[in-house]
Amino acid sequence: MEQTYKAYYKSPIGLMEIQATRHAITSIRFCDGRGPENSCPIIQECIVQLDEYFTGDRKDFRLNLAPEGTGFRQKVWQALRQIPYGKTRSYQDIAIAIGNPKACRAVGAANRDNPIPIIIPCHRVIGKNGGLVGYNSGPWRKEWLLRHETGKPAR
């Protein structure tokens, strides 16, 4: 089994734990505290890119990702990565993009279980009516991220 690495990043919307193998980011999650760290170059590059994102200097992430999930979830997460910075799509838009227009609920579940938020931009998925429905890391974070990307001030 490949060695895993872990480090922490203090973002404007909370502390994040980043996990990776030597070759790819495997998860990012918001957390309440730090634990032991054993970073590696890909995590350090991830931290640089997250800094650039939060300062408004980066719109696309260029990192190797290896989220664990079924083939269906992998398709959803790949479709999420195609949503342009500052834009949104509905769950139905994503279901159509992956060739399964009736899979809106399954798309929602995959979105909810996205192990690499921000980099796989699940925050850019909204309800068909334009509402900010669901965000596993808290709806206030989703609103913050969308406002950050569109240049609107946070409330």
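Residues numbered from 1 in each chain as written. Predicted model: local features only at pLDDT ≥ 70, side-chain atom pairs only at ≥ 80, totals over all residues. Heavy atoms only, no water.

Enquirer: Explain the overall build of the protein chain to me, and be specific about the residues and the numbers.
Expert: Within the protein chain, the regular secondary structure consists of five helices and five strands. When the elements of the protein chain are put in sequence order from the N terminus, they spell out β-β-β-α-α-β-α-α-β-α. Relative to its length of 155 residues, the protein chain is compact, with a C-alpha radius of gyration of 15 Å against a globular reference of 15 Å. Taking the principal axes of the C-alpha coordinates as reference, the protein chain spans close to 45 × 40 × 25 Å. In the protein chain, which comprises 155 residues, the proportion classed as buried is 47%. When contacts within the protein chain are restricted to residue pairs at least 6 apart in sequence, long-range pairs at least 24 apart make up 52% of them. Surface accessibility of the protein chain: about 8,400 Å² in total, with carbon and sulfur atoms responsible for 49%. Separation between the mean location of the 23 positive side-chain charges and that of the 14 negative ones in the protein chain comes to 8 Å. (Helix = DSSP H or I, 4+ residues; strand = E, 2+ residues; numbered from the N terminus. Rg over C-alpha atoms; globule rule 2.2 N^0.38 Å. Buried < 20%, exposed > 50% of the residue type's maximum accessible area, 1.4 Å probe, protein only. Contact = heavy atoms within 4.5 Å. Areas by Shrake-Rupley, 256 points an atom, 1.4 Å probe, with all protein chains shown as cover. Lys, Arg positive; Asp, Glu negative; His and termini not counted. Charge placed at Lys NZ, Arg CZ, Asp CG, Glu CD.)

Enquirer: Go over the pattern of salt bridges with me, naming the residues and quoting the values.
Expert: In the structure shown here, the tally under the stated rule is seven salt bridges. Ionic pairing is found between E143 and R147, a salt bridge with its closest N-O pair at 3.1 Å. Linking E143 with R147, this pair stays in helix α5 (residues 139-150), spanning four residues, or about one helical turn. It is possible to trace a salt-bridge network through shared partners that takes in R73, R112 and D113. (Salt bridge = Lys/Arg side-chain N within 4 Å of Asp/Glu carboxyl O.)

Enquirer: Could you give an account of the nonpolar core, with specific residues and numbers?
Expert: Membership of the largest hydrophobic core comes to 40 residues, with the highest contact counts inside it found for I18, I25, I43, L50, L80, I118 and I119. Within the residue set of this core, elements represented by two or more residues are β1 (5-11), β2 (14-20), β3 (25-30), α1 (41-54), α2 (71-80), α3 (91-97) and α4 (104-112). When residues in this core are grouped by element, the largest group, seven residues, is from α1. (Core = buried A, V, L, I, M, F, W, Y, C linked by side-chain atoms within 4.5 Å.)

Enquirer: I'd like a description of the packing of aromatic side chains, backed by residues and values.
Expert: In this structure the tally under the stated criterion is five aromatic pairs. For the pair Y53 and F54, a centre-to-centre distance of 5.1 Å together with 80° between the ring planes defines the contact as edge-to-face. Taken individually, Y53 and F54 each receive the classification buried, so the pair is uniform in this respect. Counting every residue linked through ring pairs, the aromatic cluster contains Y9, Y53, F54, F61, Y85 and W144. Above the face of the F30 ring, R141 is positioned so that its terminal group lies 4.0 Å from the ring centre. (Phe/Tyr/Trp six-rings, centres within 6.5 Å; stacked < 30°, edge-to-face > 60°. Lys NZ or Arg CZ within 6 Å of the ring centre and 35° of its normal.)

Enquirer: I'd like a description of the pairing of β1, backed by residues and values.
Expert: Within β1, five of the seven residues are buried, which leaves it mostly tucked inside the rest of the structure. Of the strand pairs in this sheet, β1 and β2 are connected by seven bridges, and their pairing is antiparallel. Opposite Y5, over in β2, you have A20 as the bridge partner. Linking two consecutive strands that pair antiparallel, namely β1 and β2, is a turn of two residues. (Pairing = 2+ DSSP bridges.)

Enquirer: So what about the environment of T55? Which residues, and what values?
Expert: In this fold, T55 is placed in the loop between α1 and α2. Given the relative accessible area of 56%, T55 is considered exposed. C-alpha separation for the pair T55 and P12, spaced 43 residues apart in sequence, amounts to 9.8 Å. Within polar-contact distance, the side chain of T55 engages the backbone oxygen of E52 at 3.1 Å. (Polar contact = N/O pair within 3.5 Å; in protein donor to acceptor, adjacent residues only side chain to side chain.)

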